[in-house]
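Each chain, letter by letter, is given below.
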Amino acid sequence: MEEARRWLEEASRIAVLTGAGISAESGVPTFRGAGGLWRQYRPEDLATPEAFARDPKTVWEWYVWRRKLISKAQPSAGHRALVELEERTPQFTLVTQNVDGLHDRAGSRNICKLHGDLWVVRCTACGRETWDGRTSFPELPPRCECGGLLRPAVVWFGEPLPPEAWQTAEEAMSAAEVALIVGTSAVVYPAAGLIPLAKQAGAKVIEVNLEATPYSGIVDKSFRGKAGEVLPQLV
Ligand code: OAD
C-alpha cells in the first residue's frame, strides 16, 4: 500500500480507468458478478441496436428504471477520492466505462466517457444530442422535436466507441506514469485493452477490485477490496 501511495503521490501524469464497481457502493448494480444486471437480464434484449429497433419501449423502460435508481444514488468515497487525486495531479485523465454520471456529480473534471452517458439522449433521425435529466417521460419511447425517436446516448453491444473518447483514452493510458484501474471486470473490449496498453507503455499499473480479473497477474499492484475503502487509503 505504501509503495502504491508513493507512486500516485509522485506521478505527474495519471490515468484512471473505472468500471461499474466504483458505483456499487452508491447502490448502482454492476453488470457481472453477484447481483449483476446481466444475471437478471439478457444484454441482447436491452443493450443492442437490434433490441432498440425491435422494441424501443422495452429498452427505454429499462433505461428509465436505471435513471430513477441512479438519480437517488450519491457518489461514493471512491468517486470522491478520485476528485482529490485529480486536484493534486498536473495531468489527470479519468477514463470511465460508466454511464451513470456519478463521476460528474462527485466533481471530477477531465472525464473521458468511453460508453457514453445515460443522461444524454440522441435523436435517431437528426442526430442531435441533448442532456436530459428526466426520470419519467410522458410517452415512451420519447421523441425529438423533429419527430424522430430518441435513444440513450450510450454505446450498445456491437456499436463502435466514440472515436474522440477512444483516442483520448489511448493517449492518456500511453502517457501515464501510473494507471489506476478500479472496479472493472476487464472483459469488455476495447476498454479492457487499455490495461495492457498502459503496462506496455511503461506505466506502473495499480488495480483495485473485489475480485481477481484477467489482468491481475500483469499489474504491478492488485488490491482486493472495495473502491470506497481502498481508494481513500491510496490517495
Ligand atoms: P462489471 O459488472 O463487468 O464488473 C464490475 C467489477 O467491479 C467486477 O470485477 C467486481 O468484482 C468489481 N466490484 C464490485 N463491487 C466493487 C467495489 N465495491 N469496489 C471495487 N470493485 C468492485 O462492470 P464493467 O467492467 O464496468 O457496457 O463492465 C464493462 C461494460 O460491460 C459496461 O460499461 C457495460 C457492460 O455491459 C456498456 O454499457 C457498453
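All values reported here derive from a predicted model rather than from experimental measurement.

Within the protein one finds 11 helices and 9 strands. For 235 residues, the compact-globule estimate of 2.2 N^0.38 gives 18 Å, and the protein sits close to it at 18 Å. Dimensions of the protein, computed from the C-alpha atoms along their principal axes, are close to 55 × 35 × 30 Å. Taking all 235 residues of the protein together, the buried fraction comes to 51%. For the protein, restricting intrachain contacts to residue pairs at least 6 apart in sequence, the fraction spanning at least 24 positions comes to 68%. With the model as given, the accessible surface of the protein reaches about 11,000 Å², and the carbon-plus-sulfur share is 49%. Placing the 27 positive and 29 negative side-chain charges of the protein at their respective mean positions leaves the two points 4 Å apart.

Let us look at empty space enclosed by the protein. Empty space among the atoms becomes apparent when a probe as large as a water molecule is rolled across them. According to the stated counting rule, one finds 2 cavities of 30 Å³ or more in the structure shown. Put simply, the largest cavity is a space of about 130 Å³. Surrounding the largest cavity, 13 residues form its lining, Val 28, Pro 29, Phe 31, Arg 66 and Asp 100 being those nearest its centre. Per-element accounting of the lining of the largest cavity gives the leading share, 4 residues, to helix 6 (residues 56–72). Residues belonging to the lining of the largest cavity are distributed by class as follows: 9 nonpolar, 2 polar and 2 charged. Each of domain 1 (1–28 + 75–115 + 161–235) and domain 2 (30–72 + 118–154) accounts for three or more of the residues forming the lining of the largest cavity. Counted as a void, the second largest cavity has a volume near 40 Å³. What lines the second largest cavity is Thr 96, Asn 98, Val 99, Asp 100, Gly 101, Leu 102, His 103, Asp 104, Ile 111 and Lys 113.

What follows deals with the pattern of salt bridges. Opposite charge on two side chains allows them to pair when their charged atoms are near. Taken as a whole, this structure holds 14 salt bridges when the rule is applied. Note that Asp 132 and Arg 67 form a salt bridge whose closest N and O atoms lie 3.8 Å from each other. Here Asp 132 is found in the loop between strand 5 (129–131) and strand 6 (150–154), whereas its partner Arg 67 is found in helix 6, with 65 residues between them in sequence. Among the residues examined, Arg 67 registers a relative accessible area of 0% and is labelled buried. Between Asp 117 and Lys 113 there is a salt bridge; the shortest N-O distance is 2.8 Å. For Asp 117, a relative accessible area of 10% corresponds to the buried category. Given a relative accessible area of 22%, Lys 113 falls into the partly exposed group.

Attention shifts here to the site of the ligand. With respect to spatial proximity, 23 residues lie near the ligand, and among them Phe 31, Arg 32, Thr 184, Ser 185 and Asn 209 are the closest. Contact between the ligand and Thr 184: an oxygen atom at 2.7 Å from a side-chain N or O atom of the residue. A distance of 2.6 Å separates an oxygen atom of the ligand from a polar side-chain atom of Ser 185. Notes on the ligand: free accessible area 800 Å², of which the protein chains cover 93%. More than half of the atoms belonging to the ligand lie within 2 Å of the grid points that define the largest pocket.

In this section: the nonpolar core. One recurring pattern in soluble globular proteins: nonpolar side chains tend to sit buried together. With 25 residues, the main nonpolar core has Val 59, Trp 60, Trp 62, Tyr 63, Leu 118, Leu 150 and Trp 156 as its most contacted residues. The dominant element in this core, judged by the number of residues it contributes, is helix 6, at 6 residues. Residues from two domains meet in this core; each of domain 1 (1–28 + 75–115 + 161–235) and domain 2 (30–72 + 118–154) gives at least three. Setting aside its immediate chain neighbours within four residues, Trp 156 contacts Leu 46, Ala 47, Thr 48, Pro 49, Phe 52, Val 59, Tyr 63 and Arg 151. Counting 24 residues, the second-largest nonpolar core is a separate cluster that includes Ala 4, Leu 8, Ala 11 and Ile 22.

Our next topic: the packing of helix 7 (residues 77–88) against helix 11 (residues 227–234). The N-to-C vectors of helix 7 and helix 11 enclose an angle of 25 degrees; their axes lie 7 Å apart at closest approach. Our classification of the angle between helix 7 and helix 11 gives roughly parallel. The handedness of the crossing between helix 7 and helix 11 is left-handed. Contact residues: Ala 77, Gly 78, Ala 81 and Leu 82 in helix 7; Ala 227, Gly 228, Leu 231 and Pro 232 in helix 11. Looking at the contact of helix 7 with helix 11 residue by residue, the class counts come to 6 nonpolar, 2 polar and no charged.

Calculation rules
Residues numbered from 1 in each chain as written. Predicted model: local features only at pLDDT ≥ 70, side-chain atom pairs only at ≥ 80, totals over all residues. Heavy atoms only, no water. Helix = DSSP H or I, 4+ residues; strand = E, 2+ residues; numbered from the N terminus. Rg over C-alpha atoms; globule rule 2.2 N^0.38 Å. Buried < 20%, exposed > 50% of the residue type's maximum accessible area, 1.4 Å probe, protein only. Contact = heavy atoms within 4.5 Å. Areas by Shrake-Rupley, 256 points an atom, 1.4 Å probe, with all protein chains shown as cover. Lys, Arg positive; Asp, Glu negative; His and termini not counted. Charge placed at Lys NZ, Arg CZ, Asp CG, Glu CD. 1 Å grid on protein atoms, 1.4 Å probe; cavity = no way out; pocket = protein on both sides within 12 Å on 5 of 7 lines; lining within 4 Å. Points joined across faces, edges and corners; volume = space filled by probe spheres on them. Nonpolar A, V, L, I, M, F, W, Y, C, P; charged D, E, K, R; others polar. Domains from an automatic or database assignment. Salt bridge = Lys/Arg side-chain N within 4 Å of Asp/Glu carboxyl O. Near = heavy atom within 4 Å. Polar contact = N/O pair within 3.5 Å; in protein donor to acceptor, adjacent residues only side chain to side chain. Sits in = over half its atoms within 2 Å of the grid points. Core = buried A, V, L, I, M, F, W, Y, C linked by side-chain atoms within 4.5 Å. Axes fitted to C-alpha atoms, helices over the stretch in contact; angles between N-to-C directions. Parallel < 35°, antiparallel > 145°, perpendicular 65-115°, else oblique. Left-handed = near helix turned anticlockwise from the far one by under 90°.

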